[in-house]
Amino acid sequence: MARPVKEEEEESEDEEIEEEEQADGWNDWEAGDEDSEAEFLCLFCDTKWNSREELFNHCVSDHAFDFEGIRKSMGLGFYGSFKLINYIRFKVASNKCWRCGLGLQSKESLLNHLHEVESFNYDCSAPWGDDKYLQPFLQDDALLHSFGGDDDDDDFYDATFLPDERDPMVEVVNVDEALMKSVIDEEDILDIVATETGVQNEIIKGMDVRQSSQVPSKKSKDKSLKVSFANVMAREIKNVNESYFGSYSSFSIHKEMISDKVRMDAYRGAILGNPTLMNQATVMDVGCGTGILSLFAAQAGASRVFAIEASEKMASVAKRIAKDNGLLKQNGEPAGAIDVVHGMVEELDKRIEIPPHSVDVLLSEWMGYCLLYESMLSSVLYARDLWLKPGGAILPDMATIFVAGFGRGGTSFPFWEDVYGFDMSCIGKEVTEDAAQLPIVDIVDSQTLVTDPCVLHIFDLVTMRREDMDFTANFELTPKSQNSPSSSPNMAIWCYGVVLWFDTGFTSRFCKETPTILSTSPFGPKTHWSQILLTFKEPIALLSENSLQNSETARKSGLKIGTDVDPAVKIMGRISIARASRHRSIDASMEITGVGHDGGTQTFPVQIFNM
């Protein structure tokens with residue numbers, strides 16, 4: 001399942017009331033008594049300091065982090081500074097670089113990795129702009145209490161909180177569910193979601209930030225923040241989900257998916273080709289769309305099929321299709337097997353009563369671009385844990401992401417170099433530079449690959465947890481022995497980036513009669529998923545180690561590895577993929593190192609991509 005990749009409210013306050021409320025409401029956030037000495041814990045290591053100034057001087061000298069410089073350059077006031085500190089503490093606790101998002105194996109590795117910030121421009125979408133970072137990561141964090149009325153900055157109108165004139169559609173980013181569990185109880189969230197329209201003074205899109213300062217005491221402030229956080233989370237997730245599921249109301253998307261022969265043959269083969277698995281089985285189809293997979297299941301002999309669809313329009317369509325084909329379960333008509341249920345699987349208990357652990361086969365086509373885009377997998381895992389029988393089947397049950405290096409043919413250079421006889425290569429250069437920041441969804445010709453592929457990561461849907469959707473994986477790419485019949489064995493080839501694709505497996509664990517693989521590989525037929533290209537900031541020259549032994553370049557040293565005069569013999573890489581702060585999006589970071597013939601290495605800048 002893949003597809004092509006606001007309200008605003010404003011309130012005015014009387015200035016005198018505002019000043020009075022600010023004076024009354026935030027006194028408890030000012031620094032503590034002068035007689036008490038607060039211990040300021042470093043943002044990155046375990047050292048403690050007597051003052052904020054000493055701490056930040058230490059961060060500059062030891063951790064390449066200039067807080068005051070960033071604060072001034074970005075115009076961070078009280079809220080921006082507050083959220084930036086919590087954001088960094090949150091990242092460091094997860095052994096992730098606060099600047100590039102790269103996940104490290106240990107805190108020691110993180111401290112060695114920390115690097116200077118190249119530049120920061122004013123950007124309303126700064127990663128710490130999310131309101132969840134208003135919640136202190138550490139209890140009684142002295143550093144947070146050090147920001148108060150003594151600061152010269154405008155405390156309430158800081159750059160990370162106000163709407164950007166360049167982008168009037170200001171959005172509050174989704175509050176991550178895992179972090180929210182530490183902010184408020186799950187029951188509180190459900191209660192607030194249920195009474196969303198009755199909650200007043202919530203933090204909403206385009207709000208006047210002065211509103212959040214009008215809290216008479218710290219106790220009432222904390223209570224207000226709990227309500228605000230929960231309301232932000234509920235409303236933003238609701239809006240994103242409505243947009244997401246609403247997009248699947250377009251029949252053109254379903255036509256594209258049903259026309260994907262690779263997709264349909266794999267699912268049809270797995271369902272109809274394994275009668276022992278499907279006969280008299282209770283099946284749940286998560287995200288049924290038109291209901292085509294549910295129809296296959298009923299055709300294969302399933303006794304009951306729960307077809308779950310969050311789009312109201314498509315649920316209605318699926319019900320009509322099942323009825324037109326005599327497969328809809330209706331009162332008085334026991335012959336029908338399919339029961340179409342409108343709603344998200346996470347809210348299924350509000351729509352229909354299904355006994356826990358009563359489903360024999362869990363069926364879903366949940367995959368998006370780069371496998372994980374759209375985050376449908378979490379819904380499948382939710383259904384697995386609640387309704388699948390012990391030992392029950394999941395189709396598909398395995399998923400694997402692959403990676404390979406691509407050459408010049410995978411870029412736009414060849415197209416722009418000859419446009420009806422005119423040289424427009426300057427456009428190709430600019431497009432390639434932009435591609436180093438944004439992933440590209442495209443069909444890749446296998447002939448453009450310049451390295452052998454390798455496995456990046458494997459998911460076992462039977463055993464994986466929801467948090468396993470976020471991962472960091474290392475890989476090693478070596479040049480093909482011969483990239484084209486005309487290429488010289490001693491000629492370096494250029495790798496411009498990496499391409500990602502996935503396979504999903506209907507393995508013999510459950511499909512004992514007819515195991516099946518659905519592959520989106522560039523070596524096979526095209527699919528609507530295409531492939532994902534992550535472009536390097538600069539290409540890397542590669543030459544096989546055997547060729548280097550007979551080449552003059554093997555005797556050169558002291559040069560930058562990965563150039564035509566000193567090509568690399570392999571590329572070592574690390575890719576991290578994680579669910580982004582924006583609901584149903586993913587972030588990816590890529591770190592690349594070229595390895596020379598003598599074992600020397602050349603590390604290239606870390607790159608961040610968002611989908």
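Our structure is the block above this text.
Reading guide: rules and limits
Residues numbered from 1 in each chain as written. Predicted model: local features only at pLDDT ≥ 70, side-chain atom pairs only at ≥ 80, totals over all residues. Heavy atoms only, no water. Helix = DSSP H or I, 4+ residues; strand = E, 2+ residues; numbered from the N terminus. Buried < 20%, exposed > 50% of the residue type's maximum accessible area, 1.4 Å probe, protein only. Contact = heavy atoms within 4.5 Å. Disulfide = S-S within 2.5 Å. Pairing = 2+ DSSP bridges. Axes fitted to C-alpha atoms, helices over the stretch in contact; angles between N-to-C directions. Salt bridge = Lys/Arg side-chain N within 4 Å of Asp/Glu carboxyl O. 1 Å grid on protein atoms, 1.4 Å probe; cavity = no way out; pocket = protein on both sides within 12 Å on 5 of 7 lines; lining within 4 Å. Points joined across faces, edges and corners; volume = space filled by probe spheres on them. Parallel < 35°, antiparallel > 145°, perpendicular 65-115°, else oblique. Left-handed = near helix turned anticlockwise from the far one by under 90°.

Here we take up the environment of D442. With respect to the secondary-structure elements, D442 resides in strand β9 (residues 440–442). Classification of D442 as partly exposed rests on a relative accessible area of 39%. In sequence terms D442 and G410 are 32 residues apart; their C-alpha atoms lie 9.1 Å from each other. Those residues within four positions of D442 in sequence are excluded, and the remaining contacts are S530, Q531 and L533.

What follows deals with the state of the cysteines. Covalently bonding the sulfur atom of one cysteine to the sulfur atom of another cysteine gives a disulfide. Going through the model one piece at a time under the given rule, you end up with zero disulfides. C45 provides the cysteine sulfur closest to C42, a residue in no disulfide bond, and the two sulfurs are 3.5 Å apart.

Moving on, we get to helix α13 (residues 292–299). Most of α13 sits inside the fold, with seven of its eight residues counted as buried. When α13 is considered as a whole, its buried residues turn out to be I292, L293, S294, L295, F296, A297 and A298. Looking at the residues trailing α13, positive phi occurs at G301, about 110°.

Here we take up the sheet that holds strand β5 (residues 338–342). Two modes of strand pairing occur in sheets, parallel and antiparallel, and in both the strands are linked by backbone hydrogen bonds. Pairing in this open sheet of five strands is parallel, and the strands run β5-β4-β3-β6-β7 from one edge to the other. Strand pairing shows two members of the sheet lacking a second neighbour, β5 and β7 (388–395), which therefore form its edges. Strand-to-strand, the axes of this sheet are offset by a mean angle of 20°, without reference to chain direction. Where strand β3 (residues 282–286) and strand β4 (residues 304–309) come together, five bridges link them in parallel fashion.

All right, on to the pattern of salt bridges then. Overall, the coordinates contain 18 salt bridges when judged by the stated rule. Measuring nitrogen to oxygen at the nearest pair gives 3.1 Å for the salt bridge that ties R574 to E591. Of this pair, R574 sits in strand β15 (residues 570–579) while E591 sits in strand β16 (residues 586–595), placing them 17 residues apart in sequence. In terms of burial, R574 and E591 fall into one category: buried.

Right, let's get into empty space enclosed by the protein. Taken as a whole, the second largest cavity encloses approximately 110 Å³ of empty space. Lining the second largest cavity are 15 residues, and of these R263, G287, C288, G289 and I292 sit closest to its centre. Only α10 (251–258), β3 and α13 provide two or more residues apiece to the lining of the second largest cavity. Of the residues forming the lining of the second largest cavity, the biggest block, three residues, is contributed by α10.

Between two packed helices, both the angle of their axes relative to each other and the distance between the axes serve to describe the pair. At their nearest, the axes of helix α3 (residues 67–74) and helix α4 (residues 78–93) sit 11 Å apart, and the two run at 135° to each other. Taken together, the axis directions place α3 and α4 in an arrangement best described as oblique. α3 and α4 meet at a crossing whose hand is right-handed. Here F67, I70 and R71 of α3 lie close against α4, whose contacting residues are S81, L84 and I85.

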